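Given next are the chains, with one letter for each unit.
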Amino acid sequence: MLEALGLECVRGQRRLFRGITFGLAAGQMLWVLGPNGSGKTTLLRLLCGLLRPESGHVRWKGEDVRGSPDSLHADLLYLGHAPAVKDDLSSRENLCFGLAQTGIGVTPREADAVLGEFGLAGREMVPIRALSQGQKRRAALSRLALGAAKALWILDEPFTALDAQAVQLVQAHLARQLSRGGCVVFTSHHEVELAGHAVTRLQLAQ
Amino acid sequence: MTALGLAPVFAAVIRRDLTLALRRRSDVLTTFFFFVIVVSLFPLGVGTQSSMLRSIAPGVVWVAALLASMLALVRLFASDFDDGTLEQLALSPQPLVLLVVAKVFAHWLVSGLPLVLVAPLLGLQFDLPAGALGIMMLTLLVGTPCLSLIGAIGAALTLGVRGAGGLLALLVLPLYVPVLIFGAGAVSAAVAGMPVSGHLSVLGACLLIALVLGPWASAAAVRIAIE
Amino acid sequence: MRLNVWKYASPPAFYRLAGNLAPWFLGLAAALAATGLYIGFFVAPTDFQQGESYRIIFIHVPAAWMSMFIYAVMAFWCAMGVVLNTRLSFMMALALAPTGAMFTFIALWSGALWGKPTWGTWWVWDARLTSELILLFLYIGFLSLHAAIDDTRRADRAAALLALVGVINVPIIYFSVKWWSTLHQGASVSLTRAPTMAATMLVGMLIMSLAAWMYAIGVSLLRARTIMLERESDAEWVRELSAERR
């Protein structure tokens, strides 16, 4: 479903990587590895269509992403480095709006249920700025629970700053996504193992 | 869970930006009071002779509106850029151009519309006749959205750049000149008792051009900034 | 043998070509300028209305024309860069900008020098001078935006977008300023109403314009070479070049 052909990327004066080629079928997971500065985040943003590669193509369901980004965006859930939540809004408001942008409408009740699952029960109405770092990250990740309609998940360091319980929760959602036939591309410094699902690795050399 | 089309997403963007603006009321009020103070300073600087005040009023109010509008522009995309929500907006299946229109509209409601409403009161300080006050409101009503639409381009181009505020002024003020000329010109004509329809139609044309080309350029600038 | 123009889109080839052509353009510019100035200051007759002071027109008008022409060319290269995604196009635009700004500045100064003896004021709010002032701000904005953004590629594309927005606005700004100045000045004070042109005056102005054009090309080619060296300093061909020099 997701194909990358000969991707090359230049940032500033450096060539970060060249000749990246891979294919991801339904139900497959890709783990992008590499030392800091090797271009993992850049590659993920390239796959989303936020950046244009120096050369090479990205194809989603056979269509080139550059020509028609909208079809990719309709199926994409992207969680980047930045938590992408507004400090002045509550977790519930952030969740509802974050999903609305991607085309998924949720009721406040559905949102609260998910936030409860992510350990924010009773704090759904609190502005993000009043939450701890860990709670903030969990509020940002809660989108995963309602992202069933999105066939492609691209997650940049989803496991950072999470405790063991939260890590399990995220992994459970990833497994569910794969079982549904969706794809996941992610970066992580921790070893990730999902029962019943193989992980393809992509190593970005320095 | 439901699938959302363009209209609900458009409305959601407006609602979100308005909610954020209301929770940060101080930012909004600062722009408003800046406008009021700047206009009120002029008589202190140039004297209070009625006929002179009447002749400089259109220009003074309009320039103050320009400056206040620019102060407010910095807020349009900057906080979204910093916390990562802007790139999420760019990843929406809905066209970024239209979401930018939504953001600019919400921004105008909060920073432009109050200026339109308070301008007649300020016009009274300058001894403007009632007819001219009405024209002043009308020109600001048509002109301030223009300023927001054009200014959004500059705001997007200077995202995350050092000295963004000053640079934004340098980039955007020259582009404001036609709106200033016809907006202030209309009010001056009204004060002199001359017809204003010509000025107003040009101002309307400026708004149409800004509405068609502005968001497109702003969206392109946003994409360049989040690369 | 077909001339392959595209090969000059590669920096090293362009570098060599620019280096060879630039001296010719500059030499031509010097010759034309000498001719033009001679005609302007010695051959052209004294004006009936304005006396000798009108001669500044031989500097003012070509500078004004060039300032607008260069902006258009700069915007063209920006458009090329955006559409074709070639690095060289952006470098050309960046190389042209300072020269364009310089001509705008000259146009403003020469306009002021003309205004003083003719109407007694150093600054005249007529359509052309005011538009030139705004054009100067547009040039400075372009250069400032480019300088303020650290990432070269983003700087190129942001400045290109600004230039394209500007080029659409320049006619709008010009016409609105023109309309405004007729309202406020009346027809008497106008730099656009030049003295009725004797043939020699026109020839002089055209020669000066051509000189300015040749100068702009020559200087921009040299500047583009410098920009190229700065940006491609890691590339093979640059290292070979600096090794040659030693």
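Residues numbered from 1 in each chain as written. Chains lettered and ligands numbered in written order. Predicted model: local features only at pLDDT ≥ 70, side-chain atom pairs only at ≥ 80, totals over all residues.

Regarding the domain arrangement of chain A
All names here are of chain A.
Turning to step 1, where the next piece is worked out: Here chain A is described as being made up of domain 1 (1-75 + 153-206) and domain 2 (82-150).
Turning to step 2, where the next piece is worked out: The distance between the C-alpha centroids of domain 1 and domain 2 comes to 23 Å.
Turning to step 3, where the next piece is worked out: Residue-level contacts link twelve residues of domain 1 with twelve residues of domain 2.
Turning to step 4, where the next piece is worked out: Per element, the largest residue contribution to the side of domain 1 that touches domain 2 is four residues, and it comes from helix α6 (residues 164-179). (Domains from an automatic or database assignment. Contact = placed C-beta atoms within 7 Å. Helix = DSSP H or I, 4+ residues; strand = E, 2+ residues; numbered from the N terminus.)

A look at the sheet that holds strand β9 (residues 183-187) of chain A
All names here are of chain A.
Turning to step 1, where the next piece is worked out: Taken in spatial order, the five strands make up an open sheet running β6-β8-β9-β3-β10, and their pairing is parallel. With partners counted over all chains shown, the strands left at the sheet margins are β6 (76-79) and β10 (199-203), one partner each. The sheet shows a mean angle of 15° between the axes of neighbouring strands, taken without regard to direction.
Turning to step 2, where the next piece is worked out: Note: strand β3 (residues 29-33) against β10, five bridges, orientation parallel. By the bridge assignment, M29 is partnered in β10 with V199.
Turning to step 3, where the next piece is worked out: Relative to the sheet, helix α1 (residues 40-48) contacts β3, β6, β8 (152-156) and β9, its axis offset from that of β8 by approximately 155°. (Pairing = 2+ DSSP bridges. Axes fitted to C-alpha atoms, helices over the stretch in contact; angles between N-to-C directions.)

With respect to the packing of helix α2 (residues 25-46) of chain B against helix α6 (residues 113-125) of chain B
Residues and elements named next belong to chain B.
Turning to step 1, where the next piece is worked out: Closest axis-to-axis distance for the α2/α6 pair is 11 Å, and the angle between their directions is 20°. Of the possible angle classes, the one that applies to α2 and α6 is roughly parallel. Once α2 is placed against α6, the crossing between them reads as right-handed. From α2, F32, F35, V36, V39, S40 and P43 reach across to α6, where they touch P114, L115, V118, L122 and Q125.
Turning to step 2, where the next piece is worked out: Grouping the amino acids of the contact of α2 with α6 by side-chain chemistry returns nine nonpolar, two polar and no charged. (Parallel < 35°, antiparallel > 145°, perpendicular 65-115°, else oblique. Left-handed = near helix turned anticlockwise from the far one by under 90°. Nonpolar A, V, L, I, M, F, W, Y, C, P; charged D, E, K, R; others polar.)

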